[in-house]
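Below, each chain spelled out in residue letters.
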There are 4 protein chains.
Amino acid sequence: MIIIVKPEAKEERVQDLIHWIESQDLRTHISTGEYTTIIGVIGDTTKLDDELICGLDIVKGVKRVSEPYKSANRKFHPLDSVIEVGAQKQKVGHGSFALIAGPCSVESEAQIISIAKSVKAAGATMLRGGAFKPRTSPYDFQGLKADGIELLLEAKRETGLPIVTEIMNANHLPLFEEVDVIQVGARNMQNFELLKELGRIQKPILIKRGLANTLKELLMSAEYIMAGGNENIILCERGVRTFETATRNTLDLSAVPVLHELTHLPVIVDPSHATGVARYVKPMAMAAAACGADGLIIEVHNDPPRALCDGAQSLRPEEFEQVARAVETVRSAVCQLS
Amino acid sequence: MIIIVKPEAKEERVQDLIHWIESQDLRTHISTGEYTTIIGVIGDTTKLDDELICGLDIVKGVKRVSEPYKSANRKFHPLDSVIEVGAQKQKVGHGSFALIAGPCSVESEAQIISIAKSVKAAGATMLRGGAFKPRTSPYDFQGLKADGIELLLEAKRETGLPIVTEIMNANHLPLFEEVDVIQVGARNMQNFELLKELGRIQKPILIKRGLANTLKELLMSAEYIMAGGNENIILCERGVRTFETATRNTLDLSAVPVLHELTHLPVIVDPSHATGVARYVKPMAMAAAACGADGLIIEVHNDPPRALCDGAQSLRPEEFEQVARAVETVRSAVCQLS
Amino acid sequence: MIIIVKPEAKEERVQDLIHWIESQDLRTHISTGEYTTIIGVIGDTTKLDDELICGLDIVKGVKRVSEPYKSANRKFHPLDSVIEVGAQKQKVGHGSFALIAGPCSVESEAQIISIAKSVKAAGATMLRGGAFKPRTSPYDFQGLKADGIELLLEAKRETGLPIVTEIMNANHLPLFEEVDVIQVGARNMQNFELLKELGRIQKPILIKRGLANTLKELLMSAEYIMAGGNENIILCERGVRTFETATRNTLDLSAVPVLHELTHLPVIVDPSHATGVARYVKPMAMAAAACGADGLIIEVHNDPPRALCDGAQSLRPEEFEQVARAVETVRSAVCQLS
Amino acid sequence: MIIIVKPEAKEERVQDLIHWIESQDLRTHISTGEYTTIIGVIGDTTKLDDELICGLDIVKGVKRVSEPYKSANRKFHPLDSVIEVGAQKQKVGHGSFALIAGPCSVESEAQIISIAKSVKAAGATMLRGGAFKPRTSPYDFQGLKADGIELLLEAKRETGLPIVTEIMNANHLPLFEEVDVIQVGARNMQNFELLKELGRIQKPILIKRGLANTLKELLMSAEYIMAGGNENIILCERGVRTFETATRNTLDLSAVPVLHELTHLPVIVDPSHATGVARYVKPMAMAAAACGADGLIIEVHNDPPRALCDGAQSLRPEEFEQVARAVETVRSAVCQLS
């Protein structure tokens, strides 16, 4: 960390700051220039708070030289992580592509099994489905909860597809015993209490970027889980909030190469929630595959207009089949290149 | 709700939509124009999902005529709500101003009692202090937790100031028994599981706007708590994320008049977190008072450069005293007007 | 246009509004429901200002049924437009891909000719280069101006590549006589006076989306040029401003399918300015090709670290060659699909 | 400027960078730490482009120590600038408050004179009115142009109020001969060609912040004008674009104290365009006054529902009179404090 001291700062105050830093087991390296004094801080600076230091009146600015995340940092783990999912140890990352599909909400046995079979036939490698649903309104359908998980497990038994479903409360963890991948939704990306609990288990966690969170914050949230001991993390870009209204959110596909550079964790993309519009899912899924995403999570419903939630963004199974084929075509082409 | 049907929509599909709406205990009113058909939906449309309907391929657009929140809606509760805090039933709202001050984190008995005394002397009506701290990094100081709450209660006994502190996990509720106002932080604004639990108690809840949440979403989150039976809600504007970097977030003071129009709940402002810079707190606090805020929540620390967190935005007690006086001056001037 | 009137509106005021609308050569269709009155407005509503009407105190809301742009609207021009560039009538759109490459700034004859030759060899179809440079700071290099255009024309003579360069002032138009495509930069997207002047010529215009402009506003800016008589427009997505700092801007690739739905004009993508980082250009270029972009505009420099501007985002010619090949691979794969 | 070099950078490449910097008449100061090398750059670094350097592959990060603006910088001009307007040399800044009011568009002699008289009676110090109107749609009313300026001058003769009106094209400058303050609208904030022309005259320029521009960029645009020799600049905050939809834009009042810190130029606020809603203008005007704005620019119309543009945000004269009184009350209170 580099701290730039204001030219007018009193020497005494600068010494106070240096002592305070050194009292935290860090070393300093002072460089006095014509116009500025620079304090280089050496050691584990993850414990220093940039904003605190930046706010001191003798400080002109602060620049981090090293990232505040460690376990998730590619610098200390240069090779791609490969996450293994379910009993079959299905791989995600480093060339293994996850194609996760299914309905926004689990609604009935018939629904989830029918969708599971059709997405499997189309090439999906995992089944998603909401049992606990985070809804903006308390009056909206909140999911079938425990029953929804039961139905997902039923679909897993029928098709062999590992299942992915969202958790909203650490107290529900016992219900997720047989779930293969636990999803943390965008709204819970910084629910640190939940993240800490998920650090205590070993199941893969799919964590979605919050609607106004930076990629570094997403990595810090992954770090919360990893710091607890669970390194099985899949990151997911799902759009951020901007002023644009033609799509529900703005899908930030640059997240894929940026995250691949910063971290060894696999990165998947959710074009359904990002755009909120079924007919934009195919082009965005293809784009995600082209820029190197390690997977996709796509909403599929057998009857979009009657779906209990998010019908607007769901594909029909036959549409998903086309998306799967298009994505496969792009991936094969891209693989040739490298 | 008004649904605008695409001109090219097949009559049969339109009828399907109408039947589906009516199957949900709603009535419809069809108006067929030269170029468009409009379906007016009458009844409790809070259960309809705009985006679902908007995504149907026969639908051109959807426009809500009534808001999806009820308990928080001023339309059904025209008079300002007054929230009563603590044993002394201190009032907030409808002309009663809350001046909440205290450190970001509770650090020690000496610290919290000294700050409590000085902010009380300067005119603060409540003491704030973080015991459970939401930190972006797992390696940052996470608060004194239960011990922090104990120290706050100690400060309350010493000064009589009601205390405000943040909850991050509903499982911690027993520790908040004697806390006067429970704060829900910006990152938990859509932690719906936590909101539901807070709906089951009767203690006042101070809920902060999320960094990328609309004012309507803030009201929906209040509605989650109110739908559970707890109507003692104080709303808090604390800045939203934008591209501007001169301040940590962008304080959206228009939130004050907008929320006062939409809801009967009191609205307070947090200029410390919004700007992230101590020297901008005073002008923003004055501005908040001038546009009708029902209170302020301000960070005060006896030793900002050594505070364990957020020192940059904390005022020294003597600076807070000036802010309190300036705010009082603005408030008296404004009161004259009405 | 659908106007939803507030339930409490006085009949007399509603009649005033209706008369005012009808005085503008529009017809109205009133539908009185139980709780609301809806005014449907029929005719050329492009002349009505949504915000004006929305702000009337008797109005609850306004919903446009038709778009405020006509010439750019796919509804009235269902087939893709194909723009013809230069003497060779090089095509852009409807399957013809534009690969535009070149330096941020033209610096010297040797530089521009060397780059022109190498990008042509790598497959570029046009040469870009800045002669007039919009720079945030008045102290930054502002381009070689007229001399820069001369050098571009020299490079065109040498290589046969049509040239694309930015205009900042309509008074400079005489200098652009032999330029093949005139670019309007993001900062001038709503320089309406410039757009009007460009509507009076017949040369293709490449117009970039502003940093905080919606896709509909981009179409309205295209409409300004088209309304003047010049229908040779190429739209360009180049990233929008968000809170994310890992990339300079956030590339909004959903713009490609959204614009393809709303308009018949070709849509190209600028991954260099959007990301601001050379090593993210390749994955984003591939993603753009995968989601159906009609072209790319990419910065290439023979000596990025010494480039006078924007070196950070420029590729070396050999890197560009790899990007061109990767894009071609993705495009061939995608073409197979349709 | 501080350049942080990557630990793995080859010494030879670092030397190249140092030579290149020194070749631009700058001196360097190298500080080699255990993990990093830091290059301090001394001299007039306004000519260095942060992004260029930041993008070099041997560079980890760049931190500016001094701002890239000079004439506008408070550091070199510690006292508040006072701008003198019109023949009467009406002052703006350093305690002199500008209350600018008038219609969005000049429509007729009767209209502008009637409004001018009523806003003058209510305490306005200048008259605003649009003659050249920047409209998103080419089909919207574009203003009365030269005739509009004539009518404004007529109103000035009748009332003595100096007039403020927007310029969109430097070629129109001769028409602005008798205009007292020339406004540069938000969409033209980075129309650098126009800014350069305005630097050649001596008339006061009121420059509005762009919808997605940082405060530093606003200062750089002021710097464009000042670098040309015209130091009579008034800055104007008018809201930025965010995801919030309850107001047209998000008024960023922190801009007032931030700009007052960074620059000596006066800062005024436009609550009408920022909120887009007439009933939010009063609270936001009061807030602006409370946080130290040097003036306000407010839309007033004698007949908002029939105004040709922006009626939604215009106040009636009697409403403006209340706003003026409320602002005066807040200002008197605030003046007492200092």
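For clarity, every value in this text was computed on a predicted model and none was experimentally measured. Counting from 1, residues in each chain are numbered in the order their sequence is written. Labels are handed out in written order, letters beginning with A for the chains and numbers beginning with 1 for the ligands. Predicted model: local features are reported for residues with pLDDT of at least 70 only, side-chain atom pairs are reported and counted for 80 or more only, and whole-chain, interface and lining totals are derived from all residues. Based on all heavy atoms of the structure, the side-chain values leave hydrogens and waters out of the count.

J.: When you look at the sheet that holds strand β4 (residues 59–63) of chain C in this model, what are you seeing that I'm missing?
T.: One key point about sheets: their strands pair by backbone hydrogen bonds, in either a parallel or an antiparallel sense. All names here are of chain C. Judged by pairing direction, the sheet is antiparallel, and its four strands sit side by side in the order β2-β3-β1-β4 without closing on themselves. Only two strands of the sheet have a single partner each, and these edge strands are β2 (27–32) and β4. Averaged over neighbouring strand pairs, the angle between their axes works out to 20° when direction is ignored. Pairing analysis gives four bridges linking strand β1 (residues 2–5) to strand β3 (residues 37–42), with the strands arranged antiparallel. Of the residues in β3, the one forming a bridge with I2 is G40. For two strands to count as paired, DSSP must find a minimum of two bridges between them. We count a stretch as a helix when DSSP gives it H or I for four or more residues in a row; a strand needs E for two or more, and each element gets its number in order from the N terminus. For helices, the fitted line uses only the C-alpha atoms of the stretch in contact; every axis is such a line through C-alpha atoms, and the angle between N-to-C directions lies from 0 to 180 degrees.

J.: Would you take a moment to explain the relation of the copies chain A and chain B for this structure?
T.: Both copies of the chain are related by a screw-like operation: a rotation about an axis and a shift along it. In superposing the copies, a least-squares fit is computed on C-alpha atoms, taking residues whose pLDDT is at least 70 in both. Superposing chain A onto chain B takes a rotation of 180° combined with a translation of 0.0 Å along the rotation axis, leaving an RMSD of 0.0 Å. Overall, the copies show the geometry of a two-fold rotation axis. Among all residues of chain A, the one whose C-alpha sits closest to the rotation axis is A212(A), at a distance of 2.8 Å. Comparing interface residues between copies, 100% of those in chain A also sit at the interface in chain B, which points to an isologous, same-surface contact. Should any heavy atoms of two residues lie within 4.5 Å, those residues are counted as being in contact.

J.: Even after reading the chapter, I still don't get the confidence of the model for chain A, so can you show me in this structure?
T.: Residues with a pLDDT of 70 or more make up 96% of chain A, whose mean pLDDT is 91. For this predicted complex, the interface confidence comes out at an ipTM of 0.91, alongside a pTM of 0.92. You can read pLDDT as the predictor saying how much it trusts each residue, on a scale of 0 to 100.

J.: How should the side chain of T242(B) be read in this particular structure?
T.: Residues and elements named next belong to chain B. Residue placement: T242 occurs in the loop between β12 (233–237) and α7 (255–262). For T242, a relative accessible area of 12% translates into the label buried. The term polar contact refers here to a pair of N or O atoms within 3.5 Å; inside protein, the definition further demands a hydrogen-donor-capable atom paired with an acceptor-capable atom, and it admits residues adjacent in sequence only when both atoms are side-chain atoms. Among the polar contacts listed, one links the side chain of T242 to the backbone nitrogen of E244, at a separation of 3.1 Å. Polar side-chain contacts of T242 include one of 2.8 Å to the side chain of T250. Each residue is assigned to one of three classes by its accessible area relative to the maximum for its type, calculated with a 1.4 Å probe on protein chains only: buried under 20%, partly exposed between the two thresholds, exposed over 50%.

J.: What is the right way to read the interface of chain D and chain B from this model?
T.: Across the contact, 37 residues belong to chain D and 38 residues belong to chain B. Buried area is a sum: the accessible area each of two parts loses on coming together, probed at 1.4 Å, counted once for each and added. Here chain D and chain B share an interface that buries about 3000 Å² over both sides, 72% of which is from carbon and sulfur atoms. When residues of chain D are sorted by the area they lose upon contact with chain B, F243(D), E244(D) and L337(D) head the list and together hold 18% of the total. Any Lys or Arg side-chain nitrogen found within 4 Å of a carboxyl oxygen on Asp or Glu counts as a salt bridge. Inspection of the region where chain D meets chain B yields four salt bridges. With a closest N to O distance of 2.8 Å, R209(D) and E244(B) form a salt bridge. Along the contact surface separating chain D from chain B lie eight residue pairs in polar contact (both at pLDDT 80 or more).

J.: Can you walk me through the relation of the copies chain D and chain B in this structure?
T.: Superposing chain D onto chain B takes a rotation of 180° combined with a translation of 0.0 Å along the rotation axis, leaving an RMSD of 0.0 Å. Comparing interface residues between copies, 100% of those in chain D also lie at the interface in chain B; the contact surface is shared.

J.: What am I meant to see in the nonpolar core here?
T.: A general feature of soluble globular proteins is that nonpolar side chains tend to end up buried together. Ranked by size, the top nonpolar core spans 328 residues in total, and within it L253(A), F320(A), L253(B), F320(B), L253(C), F320(C) and F320(D) carry the most contacts. When sequence neighbours within four positions are dropped, the list of residues in contact with L253(C) reads L253(A), M284(A), A287(A), V269(C), M284(C), A287(C), A288(C) and C291(C). Here the nonpolar core consists of buried residues drawn from Ala, Val, Leu, Ile, Met, Phe, Trp, Tyr and Cys, with membership extended through side-chain atoms lying within 4.5 Å.

J.: Would you take a moment to explain helix α7 (residues 255–262) of chain C for this structure?
T.: Every α-helix carries 3.6 residues per turn, so stepping three or four residues along brings you back to the same face. The buried fraction of α7(C) amounts to six of the eight residues, a majority that puts the element mostly inside the structure. When we look at burial in α7(C), the residues that qualify are A255(C), V256(C), P257(C), V258(C), L259(C) and L262(C). Considering only its buried residues, α7(C) is in contact with α9 (281–290) of chain A together with α6 (215–227), β12 (233–237) and β13 (267–269) of chain C.

J.: How should the sheet that holds strand β11 (residues 205–208) of chain A be read in this particular structure?
T.: Residues and elements named next belong to chain A. One closed barrel holds the eight strands; their spatial order is β7-β8-β9-β10-β11-β12-β13-β14, and the pairing between them is parallel. Averaged over neighbouring strand pairs, the angle between their axes works out to 25° when direction is ignored. With two bridges joining them, strand β7 (residues 98–102) and strand β8 (residues 126–128) adopt parallel strand pairing. Looking at the pairing, I100 lines up with M126 of β8.

J.: Help me understand the pattern of salt bridges, please; the structure alone is not making it clear to me.
T.: Opposite charge on two side chains permits pairing when their charged atoms draw close. What the rule picks out here adds up to 72 salt bridges over all chains. With a closest N to O distance of 2.9 Å, R209(B) and D252(B) form a salt bridge. Note that R209(B) is positioned in the loop between β11 (205–208) and α6 (215–227) and D252(B) in the loop between β12 and α7, a separation of 43 residues in sequence. The same class applies to R209(B) and to D252(B), which are both buried. Linking K117(D) and E158(D) is a salt bridge whose minimum nitrogen-to-oxygen distance equals 3.7 Å. Placement of K117(D) in helix α3 (residues 109–122) and of E158(D) in helix α4 (residues 146–159) is noted, with a sequence separation of 41 residues between them. Its relative accessible area of 46% is what places K117(D) among the partly exposed residues. Connected through salt bridges with shared partners, the residues R209(A), E237(A), D252(A) and E244(C) form a single ionic network.

J.: Hey, could you run me through the packing of aromatic side chains in this one?
T.: Aromatic ring pairs are defined here through the distance separating the ring centres and the angle between the ring planes. Here the aromatic set is Phe, Tyr and Trp, taking the six-membered ring for Trp, and pairing holds for ring centres within 6.5 Å; pairs whose planes are under 30 degrees apart are stacked, those over 60 apart are edge-to-face, and all others are tilted. Summed over all chains, the structure comprises eight aromatic pairs over all chains. Summarising the aromatic geometry, the rings of F132(C) and F176(C) are spaced 6.1 Å apart at their centres and angled 20° between planes, so their arrangement reads as stacked. Of this pair, F132(C) sits in the loop between β8 (126–128) and α4 (146–159) while F176(C) is found in the loop between β9 (163–166) and β10 (181–184), placing the two residues 44 residues apart along the sequence. Of the two residues, F132(C) and F176(C), neither departs from the other in class, the shared state being buried. The side chain of R279(B) reaches across the aromatic face of Y280(B), ending 5.3 Å from its centre. Lysine and arginine charges are scored as sitting over a ring when NZ or CZ, respectively, is within 6 Å of the ring centre and within 35 degrees of the ring normal.

J.: Before we go on, may I ask you to explain the pairing of β7(A) in this structure?
T.: On a regular strand, each side chain points to the face opposite its neighbour's, so the side chains alternate between the two faces of the sheet. Residues and elements named next belong to chain A. Here β7 lies mainly inside the structure; five of its five residues are buried. Judged by which residues are buried, β7 turns out to be covered on both faces: A98, I100 and G102 on one side and L99 and A101 on the other are all buried. Tracing the backbone out of β7, into helix α3 (residues 109–122) and back to the parallel element β8 gives a crossover that is right-handed. A right-handed crossover is one whose linking path, passing over the helix from the first strand to the second, runs clockwise when the strands point away from the viewer.

J.: I'm lost on the interface of chain A and chain B in this one. Help?
T.: Facing 53 residues of chain A, the contacting portion of chain B comprises 53 residues. When chain A packs against chain B, close to 4500 Å² is buried across both sides, 48% of that on carbon and sulfur atoms. One can count two salt bridges joining chain A with chain B. We note a salt bridge from E217(B) to R241(A), for which the minimum N-O separation is 2.5 Å. The interface formed by chain A and chain B holds 19 residue pairs in polar contact (both at pLDDT 80 or more) in total. Counting only elements with at least two residues in the side of chain A that touches chain B, the list comes to α1 (11–22), α2 (50–55), α5 (192–198) and α6 (215–227) of chain A. Looking at the side of chain A that touches chain B element by element, the count peaks at five residues for α6(A). Of the residues contributing to the side of chain A that touches chain B, the split by class is 18 nonpolar, 15 polar and 20 charged. Ten residues, namely Ala, Val, Leu, Ile, Met, Phe, Trp, Tyr, Cys and Pro, are considered nonpolar, four, namely Asp, Glu, Lys and Arg, are considered charged, and the remaining ones, Gly among them, are considered polar.

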